[in-house]
Amino acid sequence: IRVYARVKPLGRRQQAGSYSVDDEEPLPSLEITVPRDLADGFINNKRESYKFKFQKIFDQEAKQDVIFDSIAKPVAECVLAGYNGTIFAYGQTGSGKTFTITGGAERYSDRGIIPRTLSYIFDQLQKDSSKVYTTHVSYLEIYNECGYDLLDPRHEASRMEDLPKVTIMEDSDQNIHLKNLSLQQATNEEEALNLLFLGDTNRMIAETPMNQASSRSHCIFTIHISSKEPGSATIRRSKLHLVDLAGSERVAKTGIGGHLLTEAKYINLSLHYLEQVIIALAEKNRSHIPYRNSMMTSVLRDSLGGNCMTTMIATLAMDKRNIDESISTCRFAQRVALIKNEAVLNEEIDPRLMIVQLKKEIQDLKDELALVTGKQRTSELSQEELLQLDELIETFLKDNDPDSSLDVGADMRKIKYCFIHMKQIMNRPMTSGKKLLSQDTSEEKSSNKEAGEELEKLKGLLQQRDNEINILVTMLKKEKKKARDALSQLNATSAGSTVLEQSLSTSLEESQSPSRCLSLKEAKNLHSSVSRLPFLSRETGRKMSLGCQEAFEIFKRDYADSITIEDNKQLLKQRFDEAKCLGEKLNEVRNKINHLKGKIIQRQIQRAALAVSNPSEELTFDPVEDNLRMQIEEEKKSYKIVYSRFKGLKVEIEHLQLLMEKVRMKLQKDFEVWWSEEAKKLQEEPEMVTSPNTATVYPQFIRSSRHLSPNSFSDTSRDSPYEDPAVKNNSITFGNPTLKTRTPPSSNTSILLTGDSQADADILAFIKARQNILQKKG
Ligand code: ADP
Ligand code: MG
């Protein structure tokens, strides 16, 4: 197993730990020095340093394309050649596993190994026309020893429990099958990226602040490729697992108690089992490898040891506080590096194709035989030949000459027949033997015996037929089952893919403008996306209330990622303009080529006419036409260049759109979480809040909403609608005014104002929004 290390860039406020990278021969090494002050609680006066060797070490400034080229590309090449491959990222939470495997959600250049590998694989497949390829992808998340199918097309699954549960089945050959994990076909890069995006979205939605699934679960994105040469019976199948493991931090750090502790124990348990498997694999002469202890190791069974090209990326956060975790990550990596793998080709034979091939071979041999013997041979002997043989045998048996021989020629069928016939004669009782030998006397024999004999014969025949029928019935059953399985599989996959298509097409609705081109509308319409909030609309009925909408608008503008959203919008617009430009250029070049073609034809007609009217002049090389052809070639070249740039841009634009959609979903989700929390808080809040600083408003919400809502609540306005005694008291009471007498006191909530005029205005805005909702409901 090849093991690489990647060091994550330090954050701004982080203190650098001390480490150094040496490019020694043959393997580079990473040296980590533990400073004295880290050994808290212990008396530790000597500086300890640890040295670890890696295949290659990528320091902080390493970019995603370099990572792909040196780590993932060789594995992808192997997979294309028919071997299995696995790349897994191991490290503590926040060390950059997801960033490395999937990529950052912000910049196109930040896309990680999965999208780059997909792009590379489909590129290569397209280039190779010698084989027929089919590609499928699957995306599995393992959380608390349970598997979930992330490619579930039902977009609205908002909790992990809503996703289809995947279970492990082991067949009689101890092969692992994952039940309920959908394999979606992807015929091109775009489809595959859409699936990845769907999975990531489901992964994000399934995550709640409570479970923080991303750090506690393993995610396995698998690309399945099968290839076949036309006419050949062998199919090559290979898989590439891209694994984002759970955070490797130890229990001690996460020991919080209750629910979280079970989880912490669990992840560490499954990583612990992974470690055990790896230790067992690294030891020579170990016959038992404890794969079965956890779901993770079962799934990766054929991808860790043995038949696989496996690569590990140890992600390291090298700030002071994480030094010890980094050291344990490196220790794990060193053990992994000891495992030796041997990848073999996964070829299997398609029985149908095999039959066709064998039939052909038989025909060839028959033809050859006919050529040698000069006779066409069928498998059966003719009636005439049989009679002839019977006669021959009879004379042979009757002949008393010891030197007599039975000569039927070099024909296996005849030889076999003779033996069988003689056996029958031998087995018959003497009398009937005589009967056969002397036909004339047989009529006098008792008919009794003959009947008995006939009966025996018929019984035998019956037995034979029974056997045949039995065999046929079993075969029929098998066929039926096969057909049924195939049908249900077909149904399942087609149902899956159509639903998926639908959900994708609805979710990307706006990006599918008529010309199918990459509309900017989607980007601009981030604002109008309010009406499509799936969660909110489910919670509040069909439409969001005005108050909620207002809050969402504000939340959106305050959102931490809003700068990136804007950046991406700009970038998208730029790319889009560029694409448009290129499109125009393409058209131009195409027109030019057509024009040149027309010119050539014209020229040819002219010359042909000339040749007719002036036959003495031979049709020779025409420099003008040649020149035109050369021009066309030039134009074609530039067309190709522009076109490939255009295609690249298209991929980038699509990716950007997916990123935007992802951010948008996250925004909605975060808002929903925040909103429901706020609502809950408001409901649970006692009548008076005692601490003057407890404003139940999202801090960020206050901070930058100041430039947003100057219209309704300016802090200077004296005629504010909330200018009532409660406000002057620095606290405000509100409830449902129309039902005041009947509402129970608990629904009246008081909020102390903060004293900061801007914050207060915002609180009031929120209260107004809330009131709007209450009124709507009432
Ligand atoms: P993990 O999956 O290991 O928990 P993440 O991949 O989510 O960690 O990384 C945590 C944060 O650090 C993310 O915001 C990510 O964008 C950032 N990050 C990680 N690695 C890098 C890197 N090499 N360059 C820039 N940012 C990174
Ligand atoms: Mg992660």
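Residues numbered from 1 in each chain as written. Chains lettered and ligands numbered in written order. Predicted model: local features only at pLDDT ≥ 70, side-chain atom pairs only at ≥ 80, totals over all residues. Heavy atoms only, no water.

**Comments concerning empty space enclosed by the protein**
And step 1. For the coordinates displayed, the defined rule picks out three cavities of 30 Å³ or more.
And step 2. Counted as a void, the largest cavity has a volume near 140 Å³.
And step 3. Along the wall of the largest cavity there are 14 residues; nearest its centre are Leu196, Asp200, His655, Leu659 and Lys662.
And step 4. For the lining of the largest cavity, the secondary structure elements donating two or more residues are α4 (189–206) and α21 (623–684).
And step 5. Tallied by class, the residues present in the lining of the largest cavity amount to seven nonpolar, four polar and three charged.
And step 6. Mapped onto the domain boundaries, the lining of the largest cavity takes at least three residues apiece from domain 1 (2–37 + 44–345) and domain 2 (551–677). (1 Å grid on protein atoms, 1.4 Å probe; cavity = no way out; pocket = protein on both sides within 12 Å on 5 of 7 lines; lining within 4 Å. Points joined across faces, edges and corners; volume = space filled by probe spheres on them. Helix = DSSP H or I, 4+ residues; strand = E, 2+ residues; numbered from the N terminus. Nonpolar A, V, L, I, M, F, W, Y, C, P; charged D, E, K, R; others polar. Domains from an automatic or database assignment.)

**Brief notes about the side chain of Thr102**
And step 1. Position of Thr102 among the secondary structure elements: in the loop between α2 (97–101) and α3 (113–127).
And step 2. The buried category is assigned to Thr102, whose relative accessible area is 7%.
And step 3. Residues in contact with Thr102, not counting those within four places in the same chain, are Arg111, Gly112, Ile114, Pro115, Tyr139, Asp200 and Arg203. (Buried < 20%, exposed > 50% of the residue type's maximum accessible area, 1.4 Å probe, protein only. Contact = heavy atoms within 4.5 Å.)

**Points about the UniProt feature "binding site: ATP" (unreviewed entry) in the chain**
And step 1. Feature annotation in UniProt places "binding site: ATP" (unreviewed entry) on Gly91, Gln92, Thr93, Gly94, Ser95, Gly96, Lys97 and Thr98, given in this structure's numbering.
And step 2. By the element assignment, Thr93 lies in the loop between β6 (85–90) and α2.
And step 3. Excluding residues that lie within four positions of it along the chain, Thr93 makes contacts with Ser215, Gly247, Ser248 and Glu249.
And step 4. The topology assignment puts Lys97 in helix α2.
And step 5. When neighbours within four sequence positions are excluded, Lys97 is seen to be in contact with Ala89, Tyr90, Gly91, Gln92, Asp244, Leu245, Ala246, Gly247 and Thr315.
And step 6. A polar atom in the side chain of Lys97 sits 3.1 Å from the backbone oxygen of Gln92. (UniProt positions renumbered as here; feature names shortened; annotations may be inferred. Polar contact = N/O pair within 3.5 Å; in protein donor to acceptor, adjacent residues only side chain to side chain.)

**Thoughts on the nonpolar core**
And step 1. By size, the foremost hydrophobic cluster in this structure holds 46 residues, and its most contacted members are Ile87, Leu118, Ile121, Phe221, Ile223 and Leu242.
And step 2. Going through the elements one at a time, α1 (64–80), β6, α3, β7 (132–143), α4, β12 (218–228), β13 (234–244) and β14 (309–317) are the ones with two or more residues in this core.
And step 3. Broken down by element, the residue count for this core peaks at eight residues, all from α1.
And step 4. The contact partners of Ile121, leaving out residues within four places of it in the chain, are Ala76, Leu80, Ile223, Ile225 and Leu240.
And step 5. One finds Ala5, Phe54, Leu271 and Val336 within the second-largest nonpolar core, a separate group that totals 43 residues. (Core = buried A, V, L, I, M, F, W, Y, C linked by side-chain atoms within 4.5 Å.)

**A look at the packing of aromatic side chains**
We describe a pair of aromatic rings using the distance from one ring centre to the other and the angle between the two ring planes.
And step 1. For the structure on display, the rule yields six aromatic pairs.
And step 2. Look at Tyr4 and Phe58: their rings are 6.1 Å apart centre to centre, the planes differ by 40°, and that puts the pair in the tilted class. Separated by 54 residues along the polypeptide, Tyr4 in strand β1 (residues 2–8) and Phe58 in strand β5 (residues 56–58) bring together distant segments of the chain.
And step 3. According to the relative accessible area criterion, Tyr4 is buried, its value standing at 3%.
And step 4. Residues Phe68 and Tyr120 carry aromatic rings whose centres are separated by 6.0 Å and whose planes lie at 65° to one another, so their mutual orientation is edge-to-face. Linking Phe68 in helix α1 with Tyr120 in helix α3, this pair joins segments that are 52 residues apart in sequence. Taken as a pair, Phe68 and Tyr120 share a single burial class, namely buried.
And step 5. For the cation-ring pair, Arg111 lies above Tyr108, with the distance from its terminal atom to the ring centre recorded as 4.0 Å. (Phe/Tyr/Trp six-rings, centres within 6.5 Å; stacked < 30°, edge-to-face > 60°. Lys NZ or Arg CZ within 6 Å of the ring centre and 35° of its normal.)

**Some details on the pattern of salt bridges**
And step 1. Here the structure, examined in full by the defined rule, presents 17 salt bridges.
And step 2. For Asp244, the salt bridge identified is with Arg203, shortest N-O distance 2.8 Å. Of this pair, Asp244 sits in strand β13 while Arg203 is found in helix α4, placing the two residues 41 residues apart along the sequence. The pair formed by Asp244 and Arg203 is uniform in burial state, with each residue classed as buried.
And step 3. A salt bridge links Asp670 to Lys666; its shortest N-O distance comes to 3.4 Å. Pair noted here: Asp670 and Lys666 are both in helix α21, with a separation of four residues, about one helical turn.
And step 4. Several salt bridges converge on common partners, so that one network encompasses Asp200, Arg203, Asp244 and Lys662. (Salt bridge = Lys/Arg side-chain N within 4 Å of Asp/Glu carboxyl O.)

**Considerations on helix α10 (residues 323–336)**
And step 1. Here α10 contains 14 residues, and its C-alpha end-to-end distance of 20 Å stays within 8% of the 20 Å for a straight helix at 1.5 Å per residue.
And step 2. Across the 14 residues of α10, ten count as buried, placing the element largely inside the fold. (Expected span 1.5 Å × (residues − 1).)

**Points about the site of ligand 1**
And step 1. If you check the shell around ligand 1, you find Arg6, Lys8, Pro9, Gln92, Thr93, Gly94, Ser95, Gly96, Lys97, Thr98 and Phe99 and nothing else.
And step 2. Within the contact set of ligand 1, a nitrogen atom lies 3.3 Å away from a side-chain nitrogen or oxygen of Arg6.
And step 3. Of all the secondary-structure elements, those providing two or more residues to the shell around ligand 1 are β1 and α2.
And step 4. Among the elements that take part in the shell around ligand 1, α2 stands out by supplying three residues, more than any other. (Near = heavy atom within 4 Å.)

**Comments concerning the sheet that holds strand β3 (residues 29–34)**
And step 1. Pairing is antiparallel across the open sheet formed by three strands, whose spatial order is β2-β3-β4. Pairing within the sheet leaves two strands with one partner each, and these edge strands are β2 (18–22) and β4 (48–53). Averaged over all pairs of adjacent strands, the angle between strand axes in this sheet comes to 15°, irrespective of strand direction. (Pairing = 2+ DSSP bridges. Axes fitted to C-alpha atoms, helices over the stretch in contact; angles between N-to-C directions.)

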